[in-house]
Amino acid sequence: MEKLNIGIILGSTRQGRLSPQVGKWVKEICQQHKDANYEILDIADYNLPFFGTGTEKEEGIIAWKKKLSSMDGFIFIVQEYNHSLTGALKNALDSAYEEWNDKAAGIVSYGSTGGARAAEHLRGGILGGELSIATVRAHPTLSIFTDFTEFKVFKPADIHINYVTTMLSQILLWSKALKAVRKS
């Protein structure tokens, strides 16, 4: 059977962001599971205009939609800013629609409360409700206080590897099922 393609989406474009460190760590864990291909999707690379301000024919939007279309599932690296997800991530979500539909996703979040509030905003209102993405139950949460040194260097506790592995198992199961749905 053909391998699944799972995109690991970095949810921040802010200068000094920590999401590249977390995304790299998640990808290293995922690559131990040979059931899929894993790719980091950095929304900063796409130069997406604010939703509704462009023509939707911009090079970045076209490339973003094409990349999303090639994916079977996603892992969102979500950091909590002001009790919610970043504006950049919300904009990236809004910049596509059908490309998200009938795919699975997991969330790895971080912040002062493990990024739980941002993850719930993402899960409840946006992914499942509007974009028809099936989110999995397992949700690794990372503390900015205990999983980062001086709030800058990612040093996760080993227990988080188990949480990411559980989440990934659920994503792969649902991604495979939803790929069959998309083909029907």
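Provided above is the structure to which this section pertains.
Residues numbered from 1 in each chain as written. Predicted model: local features only at pLDDT ≥ 70, side-chain atom pairs only at ≥ 80, totals over all residues. Heavy atoms only, no water.

### Let's talk about the pairing of strand β1 (residues 4–10)
Inference 1: Within β1, six of the seven residues are buried, which leaves it mostly tucked inside the rest of the structure.
Inference 2: For β1 and strand β2 (residues 36–42), the ladder comprises seven bridges, and the chain directions are parallel. Counted as the bridge partner of Gly 7 is Glu 39 from β2.
Inference 3: Viewed along the sheet, the connection from β1 through helix α1 (residues 19–30) into β2 turns out right-handed.
Inference 4: Examined bridge by bridge, β1 and strand β3 (residues 73–79) share five bridges and lie parallel to one another. Paired with Leu 10 across the strands is Ile 77, a residue of β3. (Buried < 20%, exposed > 50% of the residue type's maximum accessible area, 1.4 Å probe, protein only. Helix = DSSP H or I, 4+ residues; strand = E, 2+ residues; numbered from the N terminus. Pairing = 2+ DSSP bridges. Right-handed = clockwise from strand over helix to strand, strands pointing away.)

### Overview of unusual backbone geometry
Inference 1: The backbone of Glu 56 shows a phi angle near 70°, a positive value even though the residue is not glycine.
Inference 2: By the element assignment, Glu 56 lies in the loop between β2 and α2 (59–69).
Inference 3: The class of Glu 56 is partly exposed, set by a relative accessible area of 45%.
Inference 4: Phi angles above zero are rare outside glycine, and His 83 is one such case at about 70°.
Inference 5: With respect to the helices and strands, His 83 occurs in the loop between β3 and α3 (87–94).

### Description of the environment of Phe 74
Inference 1: Checked against the element boundaries, Phe 74 lands in strand β3.
Inference 2: Classification of Phe 74 as buried rests on a relative accessible area of 0%.
Inference 3: In this structure, the C-alpha to C-alpha distance between Phe 74 and Leu 122, residues 48 residues apart in sequence, is 13 Å.

### With respect to the pairing of β3
Inference 1: For β3, the tally of buried residues reaches seven of seven residues, placing the bulk of the element in the interior.
Inference 2: In β3, alternate side chains face the same way, and those of Gly 73, Ile 75, Ile 77 and Gln 79 on one face and Phe 74, Phe 76 and Val 78 on the other are all buried.
Inference 3: Alignment of β3 against strand β4 (residues 103–111), held across seven bridges, turns out to be parallel. Considered in β4, the bridge of Ile 75 is made with Gly 106.

Worth remembering: the numbers are spatial, not functional.
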